[in-house]
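# What the coordinates show
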Amino acid sequence: MKTCLSELAMFGSQPAFAAPLYVGRPHTGQRERLFERISEVLDRRWLSNNGPAVTELEARLAQRLGVRHCLMMCNGTIALEVALRATGITGEVIVPSLTFVATVHAVSWLGLTPVFCDVDPETHNLDPRRVEALISPRTTGIIGVHLWGRPCAVEALAGIAERHRLSLIFDAAHALGCTWRGQQIGRFGRAEVFSLHATKFFHTVEGGAITTNDDALANRIRMMRNFGFAESGDVVEHGTNAKMNEFSAAMGLTLLEAWDSLIEHNRQQFERYQTALGGLAGVRLVEHEPGEERNYQYVVLEIDPIQAGLTRDELLAVLESENIFARRYFYPGCHRAQPYLARQSSAPPELPVTEQLVERVLCLPAGAAIGAGDAQRVSAIIRLALSQASAVRQRLAERAPVGATRARAAVSLAPGLVDV
Ligand SMILES: Cc1ncc(COP(=O)(O)O)c(C=O)c1O
């Protein structure tokens, strides 16, 4: 545990971690069970096209979430596109800018217009009061993102959607295993969309799922993900290839057996950070509503630069020099990503809360990325850096930027880290 300034790597000491610590390191489950399942898949020679492993995973997840339909998809981004298309959304779609860019790309990829809405400073989710003000005659849909797995203001958004006859769907990429008012995420809106990418606590390597209680919508999605084929063999819908393969489903079924222990591991890590960072001025650990279930996948800090004495980016640089690759999700906000910036003909959207959060949010390595004692060691470095903020700031100003550049390059090249 580092306790004095000279022990920090930026002052010449060895980094706290010999091997880099990343945010999104995948769980791999019980290897023997996975290999058994893969062997069964190979024996069956049924590798894709709605095979038995996919069907079993759909049934098990639907049961776990308490929803009528769970449709496995090739990934979360395409799943969003299919959900948007199947719900008949056209024209403008209200979305948060504080989200992974896939939410917005899915809208834009279909030729729809994303309309960026600000978020609530407490929950980091769509602020319903601001949603209503953005509705125009061209608006037909809203996508709420349960960011960090913390559920959106579900009832308020549903009320707005009903009053204005809009389709409400949720990007639940982060929210598998989380509840809202005691009900599993997956049952809300017209449909909810999960990412099952390797960085998620429960994954299928690449994969996604759409859940809905609407039988007709489920049927449409089923056809759309399979080139528009109906059971009769006729092509009756526009379609794409969004199917999940059997190997992915084998990984999903294997991790399903470890579900409780994965969440328990995440919870323990989260609580270690919570204890170790408690009471630190200028550092807020983003919490969920008490009493709800959650997957504890993300450990998200908000750094107030005035109270903390360092900016989020300064703290990030300190951590990088210690081989701790925290992430600044979702900097600089989707509205500032090139394709969306270029489209803004008039004034940029007014997103004061988002603008502040993208400068303050720091996501720490968690879950499978860290082992016993790591949360305390990371937290000790944060405490130490903030307690000596002016010396740290001065040192950062003196340092050549080469180290930081190299470190960032390493992060973007590391497997599984570009996605969230
Ligand atoms: C909020 C959000 N939406 C959508 C996606 C896209 O999911 P996928 O990577 O499975 O395509 C992600 C990625 O993880 C995400 O974080």
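Relevant structure appears above.
Read on for an overview of the structure.

## Here's the deal with helix 13 (residues 352-360)
Residues of helix 13 that are buried: Val353, Thr354, Leu357, Val358 and Arg360. Viewed along the axis of helix 13, the buried residues span an arc of 165°, placing them on a single side of the element. Buried-residue contacts for helix 13 involve strand 11 (299-303), helix 10 (305-308), helix 11 (312-321) and strand 12 (361-364).

## Brief notes about the sheet that holds strand 12
The antiparallel open sheet is built from three strands, whose spatial order is 10-11-12. The open sheet has two edge strands with one neighbour each: strand 10 (283-285) and strand 12. The mean angle between the axes of side-by-side strands here comes to 30°, regardless of whether they run parallel or antiparallel. Judged from the three bridges that link them, strand 10 and strand 11 form a sheet pairing that is antiparallel. Residue pairing in the sheet places Arg284 in a bridge with Glu302 of strand 11. Its contacts with the sheet place helix 9 (residues 259-277) against strand 10, strand 11 and strand 12, and it is angled at close to 25° to strand 11.

## Some words on empty space enclosed by the protein
Counted under the stated rule, the structure contains three cavities of 30 Å³ or more. Empty space within the largest cavity amounts to approximately 160 Å³. Lining the largest cavity are 22 residues, with Val23, Gly24, Thr199, Gln297 and Ala366 positioned closest to its centre. Here the residues of the lining of the largest cavity sort into 13 nonpolar, six polar and three charged. Lining the lining of the largest cavity are residues from two domains, each supplying at least three of them: domain 1 (5-21 + 259-413) and domain 2 (31-256).

## Things to note about the layout of surface pockets
Reported here for the second largest pocket is a volume of approximately 330 Å³. Listed by contribution, the elements that provide at least two residues to the lining of the second largest pocket are strand 3 (113-117) and helix 12 (338-343). Sort the elements by how many residues they give to the lining of the second largest pocket and strand 3 lands first, with four residues. Class assignment of the residues belonging to the lining of the second largest pocket gives a composition of eight nonpolar, four polar and two charged. Both domains that meet at the lining of the second largest pocket, namely domain 1 (5-21 + 259-413) and domain 2 (31-256), each give it at least three residues.

## Brief notes about the side chain of Thr212
Looking at the secondary structure, you find Thr212 in strand 9 (residues 208-212). Looking at Thr212, its side chain comes within polar contact range of the main-chain oxygen of Arg190, at 2.7 Å. Not counting the four nearest positions on each side in its chain, Thr212 is found in contact with Val67, Arg68, His69, Gly186, Arg190, Ala191, Leu217 and Ala218.

## Observations regarding the sheet that holds strand 3
Within a sheet, neighbouring strands are paired by backbone hydrogen bonds and run either parallel or antiparallel to one another. With respect to topology, seven strands assemble into an open sheet ordered 1-9-8-5-4-2-3, the strand pairing being mixed. Each end of this open sheet is capped by a strand with a single partner; those strands are strand 1 (69-73) and strand 3. For this sheet, the mean inter-axis angle between neighbouring strands, taken without regard to orientation, is 25°. Pairing between strand 2 (residues 92-96) and strand 3: five bridges, direction parallel. Residue Val93 lies in a different strand from strand 3, and its bridge partner there is Pro114. Set on the sheet, helix 2 (residues 52-65) makes contact with strand 1, strand 8 (191-195) and strand 9; between it and strand 1 the angle comes to about 135°. Against the sheet, helix 3 (residues 76-86) contacts strand 1, strand 4 (139-145), strand 5 (167-171), strand 8 and strand 9, and its axis sits at roughly 165° relative to strand 8.

## Quick look at a nonpolar patch on the surface
A surface patch of nonpolar side chains, amounting to about 260 Å² of accessible area, comprises Leu42, Leu47 and Phe247. Mapped onto the elements, Leu47 comes out in the loop between helix 1 (31-44) and helix 2.

## Overview of helix 14 (residues 374-387)
The end-to-end C-alpha distance of helix 14 is 20 Å, a good match for the 20 Å that 14 residues give at a rise of 1.5 Å each. Most of helix 14 sits inside the fold, with 10 of its 14 residues counted as buried. Of all the residues in helix 14, the buried ones are Asp374, Ala375, Val378, Ser379, Ala380, Ile381, Ile382, Leu384, Ala385 and Leu386.

## Observations concerning the packing of helix 3 against helix 7 (residues 215-224)
The geometry of helix 3 relative to helix 7 is characterised by a closest axis approach of 10 Å and an angle of 130° between their N-to-C directions. Judged on the interaxial angle alone, helix 7 and helix 3 are oblique. Both helix 3 and helix 7 take part in a crossing whose hand is right-handed. Contact residues: helix 3 offers Val82, Arg85 and Ala86, while helix 7 offers Leu217, Arg220, Ile221 and Met224. Each residue belonging to the contact of helix 3 with helix 7 can be placed in one class, and the counts come to five nonpolar, no polar and two charged.

## Quick notes on the packing of aromatic side chains
In the structure shown here, the tally under the stated rule is 11 aromatic pairs. Measuring from ring centre to ring centre gives 5.4 Å for Phe202 and Trp259, while their planes differ by 50°; the resulting arrangement is tilted. Of this pair, Phe202 sits in the loop between strand 8 and strand 9 while Trp259 sits in helix 9, and the two are 57 residues apart along the sequence. For the residue pair Phe202 and Trp259, the accessibility class agrees, reading buried in each case. The structure contains a cluster of three or more aromatic residues connected by ring pairs, namely Phe100, Trp148, Tyr298, Tyr329 and Phe330. Here Arg181 stacks its cationic end above the ring of Trp180, 4.1 Å away from the centre of that ring. A cation over an aromatic ring shows up here: Arg328 above the ring of Tyr331, its NZ or CZ 4.0 Å from the ring centre.

Calculation rules
One numbering rule holds for all chains: residues counted from 1, following each sequence as written. At least 70 in pLDDT is required for a residue's local features to be given in this predicted model, at least 80 for side-chain atom pairs to be given and counted, and no such filter applies to totals for whole chains, interfaces and linings, which use all residues. Note: side-chain values were computed over all heavy atoms of the structure, leaving out hydrogens and water. Relative accessibility thresholds used throughout: buried, under 20% of the residue-type maximum; exposed, over 50%; partly exposed, between the two (1.4 Å probe, protein chains only). Numbered from the N terminus, helices here are DSSP runs of H or I no shorter than four residues, and strands are runs of E no shorter than two. Here, the arc refers to the directions that run from the helix axis to the C-beta atoms. Contacts are residue-level and defined by heavy atoms, with any inter-residue pair within 4.5 Å sufficient. In short, DSSP must find at least two bridges between two strands for them to pair. Helix axes use the C-alpha atoms of the stretch in contact, all axes being lines fitted to C-alpha atoms, and the angles between their N-to-C directions lie in the range 0 to 180 degrees. Using a 1 Å grid laid over the protein atoms alone, points where a 1.4 Å probe fits but cannot get out form a cavity; open sets with protein on both sides within 12 Å along at least 5 of 7 lines form a pocket; any residue with an atom within 4 Å of a point counts as lining. Grid points are joined across faces, edges and corners, and a volume is the space filled by probe spheres set on the points. Under the convention adopted here, Pro, Cys and the residues Ala, Val, Leu, Ile, Met, Phe, Trp and Tyr are nonpolar, Asp, Glu, Lys and Arg are charged, and Gly plus all remaining residues are polar. Each domain's extent was defined by an automatic or database domain assignment. A 3.5 Å cut-off defines polar contacts: any pair of N or O atoms within that distance qualifies, except that in protein one atom must be a possible hydrogen donor and the other a possible acceptor, and neighbouring residues in sequence count only when both atoms are side-chain atoms. Without a salt bridge and with relative accessible area above 30%, a residue can belong to a patch; like charges are then joined within 9 Å and nonpolar side chains (Val, Leu, Ile, Met, Phe, Trp, Tyr) within 5 Å. Only the protein chains shown count as cover for residues, with accessible areas throughout obtained via the Shrake-Rupley method and a probe of 1.4 Å. Every case where a carboxyl oxygen of Asp or Glu lies within 4 Å of a side-chain nitrogen of Lys or Arg is listed as a salt bridge. One less than the residue count of a helix, multiplied by 1.5 Å, gives the span that helix is expected to have. Oblique is the label for every angle not falling under 35 degrees (roughly parallel), over 145 degrees (roughly antiparallel), or within 65 to 115 degrees (roughly perpendicular). Crossings are assigned a handedness: left-handed for a near helix turned anticlockwise from the far helix by less than a right angle, right-handed for a clockwise turn. Pairing of aromatic rings covers Phe, Tyr and Trp, the last counted by its six-membered ring, and requires centre-to-centre distances within 6.5 Å; plane angles under 30 degrees mean stacked, over 60 mean edge-to-face, and any other angle means tilted. Only when the NZ atom of a Lys or the CZ atom of an Arg is both within 6 Å of the ring centre and within 35 degrees of the ring normal do we say a charge sits over the ring.

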